[in-house]
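A closer look at the structure
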Amino acid sequence: LLPGQTYYIWIFPGSDEYGWYYGYRSSYTSTLVTSGAAMSDITADNGTLGFEHTIKLTRYGSDMTHTITAKCGGASLTIASGVKTDTVKWTPPLEWSAQNTTETAVPVTITCVTYNGSTKLGSRSITLTFAIPASVKPAASIATSDVKGYLDTYGSYIQGKSQVKVQVASEGAYGSTVKSCVISCGSQTATGTSGTFSLPSSGKVTVKAVVTDSRGRTTTDTTTITVAAYAVPTVHITSAYRCDADGNENGEGEHGAVVFNGNVTSLNGENEANYTLKYRVQGTSYWTSIAISDLSGNYAPAGASQVFLAYSQNIYEVCVAVRDAFGSTESTYRVIPASFVLVQCMRSISAISFGMPATVEKAVQLGLKLMLYKGIKMTAVQVASWDVIDAALDVAVSNVDDGSIDFCLF
């Protein structure tokens, strides 16, 4: 039935008796009970879960009441009951996101039931699409720790030494499941909710986790760790010479002196710094060590020296070792010659020396700088052709002592 219209009803008997038809109309009035004719129309736009939504009613009877319900998957609720208004506002629950864990929207069916008093006249329904808001996304949180334990000791991660372990706690939102997690630490990446990374650079290092759920939604958690600059300790011998017991340079002294500089990363004064002089008679394998205790804890000694007993007839190899909390490093080896002798001939061992004692059998030893103003003169070896040079080379090489250098001129 359309509103504002006049309708006419004709009534005829269903049967007759004795050929007479008659009708009776009391007080010339009739009552028409409608069934569905006054049902209201319902319209609404699509919406977003968790945000206010408006439903519009087109009512055809001012005395009619309405009960409005909504259903989403297995969830339902009553929006309003017994209302006579043209619009109804409501907020679809955010929890209805759980009704679709693989997409970003849910279908919702809204039904309006029209009543005349307590008599149900009928209902109309519409199905709308409600977006799951962007705020419905997985949760992620990062926890970091130092695998090596240096963070607890030094208050920061240590460049090149620490290893940061990243653990990501993740959870889907409203029924979604976590499908992937990517962790990055500086320029390094790993997949999964756990990863261990080296720390080659110092300063502020960004750790990030990107989590994706079954709806394709992502969330990012970021934290920053502080990495203290660190370098392997170094030590450099600047001078090594014979001296007296007080360290005064003396070419015929019975002691040796080593002068050196060192460098150790302090790590805010928490790192160790220990120095040791090592020496041995040249040609032997046994090292004697002297701990330089007065330099303990000195991170940058400059011009430091250590004296040791060095018998005059021996040549000594020396080095300085520096050790911090992470390891040790040795300087390059230096040589302290035997006591100075201008020239010495030792017939007993067929040896001659210049600037040092003769100690090596059948050898010429030089303890002085060698300055050659006329070069080195070599006797040429004659061969008939280059095809036979290998034989001459074999002979030459077979006569060279191990650890020696020789020259052949062809």
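You'll find the structure just up there.
The residue numbers shown here count from 1 along each chain, following its written sequence. pLDDT decides what is reported in this predicted model: residues at 70 or higher carry local features, side-chain atom pairs at 80 or more are listed and counted, and totals for whole chains, interfaces and linings draw on all residues regardless. Computation of side-chain values: all heavy atoms of the structure, hydrogens and water removed.

In this section: the sheet that holds strand β13 (residues 188-191). Taken in spatial order, the five strands make up an open sheet running β10-β16-β15-β12-β13, and their pairing is mixed. Single-partner strands in this sheet number two, and they are β10 (157-158) and β13. At least two bridges found by DSSP between two strands is the condition for calling them paired. Only DSSP runs of H or I with at least four residues qualify as helices, and only runs of E with at least two residues qualify as strands; both kinds are numbered from the N terminus onward.

Another point: the packing of aromatic side chains. Classification of ring pairs rests on two measures: the distance between centres of Phe, Tyr or Trp rings, Trp counted by its six-membered ring, which must be within 6.5 Å, and the angle between planes, read as stacked under 30 degrees, edge-to-face over 60 and tilted in between. Throughout the structure, instances matching the rule amount to 11 aromatic pairs. Plain terms: the ring middles of Tyr-279 and Phe-308 are 4.3 Å apart, the flat faces sit at 25° to each other, and that makes the pair stacked. Separated by 29 residues along the polypeptide, Tyr-279 in strand β19 (residues 274-281) and Phe-308 in strand β21 (residues 304-309) bring together distant segments of the chain. The class of Tyr-279 is buried, set by a relative accessible area of 13%. Taken together, the ring pairs in this structure connect Tyr-150, Tyr-154, Tyr-230 and Phe-326 into an aromatic cluster. Placement of a positive charge over a ring is assigned whenever Lys NZ or Arg CZ falls within 6 Å of the ring centre and within 35 degrees of the normal to the ring plane. Its guanidinium or amino end placed over the ring of Trp-287, Lys-278 lies 5.5 Å from that ring's centre, counting from NZ or CZ. Relative accessibility thresholds used throughout: buried, under 20% of the residue-type maximum; exposed, over 50%; partly exposed, between the two (1.4 Å probe, protein chains only).

Let's shift gears to the pattern of salt bridges. As a working rule, side chains carrying opposite charge can pair if their charged atoms are close by. Salt bridges are defined as contacts in which a side-chain nitrogen from Lys or Arg sits within 4 Å of a carboxyl oxygen from Asp or Glu. Under the defined criterion, the tally for this structure stands at five salt bridges. For Arg-124, the salt bridge goes to Asp-41, with nearest N and O atoms at 2.8 Å. A residue pair is termed long-range when its members are at least 10 positions apart, and Arg-124 in strand β8 (residues 119-131) and Asp-41 in strand β1 (residues 41-44) qualify at 83 residues. With a relative accessible area of 35%, Arg-124 lands in the partly exposed category. Linking Arg-59 and Asp-86 is a salt bridge whose minimum nitrogen-to-oxygen distance equals 3.0 Å. On the criterion of sequence distance, the pair formed by Arg-59 in the loop between β3 (53-58) and β4 (65-72) and Asp-86 in the loop between β5 (75-83) and β6 (87-90) is long-range, its members being 27 residues apart.

Our next topic: the sheet that holds β8. If you walk across this open sheet you meet the five strands as β2-β8-β7-β4-β5, and the pairing is mixed. The open sheet has two edge strands with one neighbour each: β2 (47-48) and β5. Bridge count for β2 against β8 is two bridges, and the pairing is parallel. Of the residues in β8, the one forming a bridge with Thr-48 is Ala-131.

Attention shifts here to the side chain of Asp-324. Position of Asp-324 relative to the elements: it lies in strand β22 (residues 316-324). Counted as positive: Lys and Arg. Counted as negative: Asp and Glu. His and the chain ends are not counted at all. No salt bridge is formed by the buried Asp-324, whose closest oppositely charged neighbour, Lys-161, lies at an N-O distance of 6.8 Å. Counting of polar contacts relies on pairs of N or O atoms within 3.5 Å, with two restrictions inside protein: one atom must be capable of donating a hydrogen and the other of accepting it, and residues adjacent in sequence are counted only when both atoms are side-chain atoms. Within the local environment of Asp-324, its side chain forms a polar contact with the side chain of Asn-271, the two groups lying 3.4 Å apart. Once residues lying within four places of it in the same chain are set aside, the contact partners of Asp-324 are Tyr-230, Pro-233, Val-264, Asn-271 and Glu-272. Any two residues having at least one pair of non-hydrogen atoms within 4.5 Å are treated as being in contact.

Moving on: the pairing of strand β16 (residues 218-228). Examined bridge by bridge, β10 and β16 share two bridges and lie parallel to one another. Within β16, the residue paired with Tyr-157 across the bridge is Val-227. Strand direction decides the pairing type here: strand β15 (residues 203-213) and β16, joined by 10 bridges, are antiparallel. Looking at the pairing, Val-205 lines up with Ile-225 of β16. Linking β15 to β16, which pair antiparallel, is a turn of four residues; within it Gly-216 sits at a positive phi near 85°.

Turning our eyes to something else, we now look at a nonpolar patch on the surface. The patches reported here contain residues having more than 30% relative accessible area and no salt bridge. Joining distances are 9 Å for like charges and 5 Å for nonpolar side chains (Val, Leu, Ile, Met, Phe, Trp, Tyr). Here, Shrake-Rupley sampling with a 1.4 Å probe gives the accessible areas, and only protein chains in the shown set may cover a residue. On the surface, Val-364, Leu-366, Leu-370, Leu-372, Ile-376, Met-378, Ile-405, Phe-407 and Leu-409 cluster together into a nonpolar patch covering about 930 Å² of accessible area. Tracing the backbone shows Leu-409 in the segment after α2 (389-398).

Further remarks concern unusual backbone geometry. The backbone of Tyr-174 sits at a positive phi, close to 50°, despite the residue not being glycine. Summarising the element assignment, Tyr-174 is placed in the loop between β11 (163-171) and β12 (178-185). Tyr-174 sits in the partly exposed class, given a relative accessible area of 31%. Here the phi dihedral of Leu-267 falls at roughly 50°; this positive angle occurs in a residue that is not glycine. Positionally, Leu-267 belongs in the loop between β18 (255-263) and β19.

This next bit is on the nonpolar core. Formed by 24 residues in total, the largest nonpolar core has its most connected members in Ile-55, Ile-68, Ile-79, Trp-90, Trp-96, Val-108 and Ile-110. Going through the elements one at a time, β3, β4, β5, β6, β7 (105-116) and β8 are the ones with two or more residues in this core. Leave out the neighbours within four places in its chain, and Val-108 touches Ala-70, Lys-71, Cys-72, Trp-96, Ile-126, Thr-127, Leu-128 and Phe-130. Remark: nonpolar core denotes a set of buried residues (Ala, Val, Leu, Ile, Met, Phe, Trp, Tyr, Cys) joined through side-chain atoms within 4.5 Å.

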